[in-house]
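Chain and residue survey
Chain residues, written in single-letter form:
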Amino acid sequence: QPNSQEARDVAYQLHAYTNARSHQQAGPLVIERGEGPYVFDAAGKRYLEAMAGLWSVGLGFSEKRLVDAAHRQMQALPFYHTFASRSHGPSIDLAEKLVKMAPVPMSKVFFTNSGSEANDTVLKLIAYRSNALGQPQRKKVISRLRGYHGVTIASASLTGLPNNHRSFDLPLPNILHTGSPHHYKDAAAGESEEAFATRRAEELDALIQKEGPDTIAAFFGEPVMGAGGVIVPPATYWEKIQAVLNKYDILLVADEVICGFGRTGKMFGCETFNIRPDVLVVSKQITSSYFPFSAIIMNDRMFEPIADESNKIGVLGHGFTAGGHPVGSAVALENLRIIEERNLVAHAAEIGAYMQDRLRTLADHPLVGEVRGIGLIAAVELVLDKTRKVAAGTPGALGGVASRLLLERGIISRNMLDALAICPPLIVTKVQIDELVDGLAGMLEDLKAEAAK
Ligand code: PLP
């Protein structure tokens, strides 16, 4: 019988995004507790969590007020649902709060439990809406290569990464992909950011024309792409994309699962890029991940056809047992209160600017192809050949070594192939950013020594 935690993990658990056989050899990193932006393993080793868990623990790992809010709600009403006109105070308060804080006029909120579920639900609301409008042919949606929208059958189809399609026979037929706004990787030699953004908008227009504009219901995009490699779009990209969508009366869904609640230095990523969506999808940082939670915030353009009973298409046959869970709603409300009281969005803008400046000093290193980011989200793109922009023969091999070396230095990051993602909790301080950037600089020297072997 295995008895260490590591041995029992290997014996009994299949992990997400983990090669199961190598895991059996290497074993897990077991985290036991957290404090501010740090976590500690069972041996007491401290790690700076430079990914905020999974881009999500905005308030850090020891915010007692969130624990107290959950405890109070557990005692008052541990569960109630929101099916069939039933409701409860925390979900009502939170729905009102989200509508009022949205960056563009919104009117209704539908609650779900994860980013994937929320995006799945948006797809179903879109289909229902098109039927209600008497446009049943209008069911196709467009998302982008390199985008990440989740892993359920439908949300994985929206995701534009080969890893999430391969082996699962995805994407589903009504889900189409257009090119990403990744200037560093996808632009032609010498193509300016402006020309690249124009080309992407023209490609979108051509795809819509080819499919038939009256068959396309919506476009999905993250303001800044996260899991695809932290891709900050060119300055005029969103303006050009929105002009195309407006031309064909296509809904815009902004997936704010990573960007929402301060990450880009504004409350929403949409504000940073002047995006005017019809639907906002939020999760992760809404509860600092202390409770699984997500929400869909929509405007009247989305809601009104759904509410129109004259079309007789029947009740909205969709919802999740735990959607709008009272404990999750209470934690979200407290989390948003803390973000506002402590001015954490302004803090993210200020510390974020400091972090971006300091990270840019790494760009001269021979193994760094590009440093990119905005606010408190960034990526360091690792290369072996700066001019040809290539890493090791196996994509991700260099990034994998880099994140291992960084872990040895007590910093948790995540490599998306050869891009090392940085996304610390919003509460991070200047001193902790220094610790992070110094750690990265040291790691790059270690990596140079390993690459020379
Ligand atoms: N959308 C975005 C932008 C994400 O980054 C993620 C997760 O990382 C998701 C959706 C999916 O969320 P979940 O893992 O909660 O299903």
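Whatever comes next refers back to the structure up there.
Residues numbered from 1 in each chain as written. Predicted model: local features only at pLDDT ≥ 70, side-chain atom pairs only at ≥ 80, totals over all residues.

On a plain count of helices and strands, the chain comes out with 17 helices and 15 strands. Its C-alpha radius of gyration of 22 Å places the chain within 12% of the 22 Å reference for a compact globule of 453 residues. For the chain, the C-alpha atoms occupy an extent of roughly 70 × 60 × 45 Å along the three principal directions. Counting every position in the chain, which comprises 453 residues, the buried fraction comes to 48%. Residue pairs in contact within the chain that sit at least 24 positions apart in sequence constitute 70% of those at least 6 positions apart. (Helix = DSSP H or I, 4+ residues; strand = E, 2+ residues; numbered from the N terminus. Rg over C-alpha atoms; globule rule 2.2 N^0.38 Å. Buried ≥ 20, exposed ≤ 12 C-beta atoms within 10 Å, placed from the backbone. Contact = placed C-beta atoms within 7 Å.)

Burial analysis of strand β1 (residues 31-35) places just zero of its five residues in the buried class, a small minority of the element. Pairing of β1 with strand β2 (residues 38-41), which is carried by four bridges, proceeds in the antiparallel orientation. Across the sheet, the residue bridging to I31 is D41, located in β2. The turn linking β1 back onto β2 is made up of two residues, and G36 within it adopts a positive phi angle of 55°. (Pairing = 2+ DSSP bridges.)

Among the six residues in strand β7 (residues 216-221), six count as buried, and that is most of the element. Here three bridges tie strand β5 (residues 140-144) to β7, and the two strands are oriented parallel to one another. Along β7, the bridge assignment pairs V141 with A218. Note: β7 against strand β8 (residues 251-255), four bridges, orientation parallel. Note on β8: the bridge partner recorded for F220 is V253. In terms of handedness, the path from β7 via helix α11 (residues 237-247) over to β8 forms a crossover that is right-handed. (Right-handed = clockwise from strand over helix to strand, strands pointing away.)

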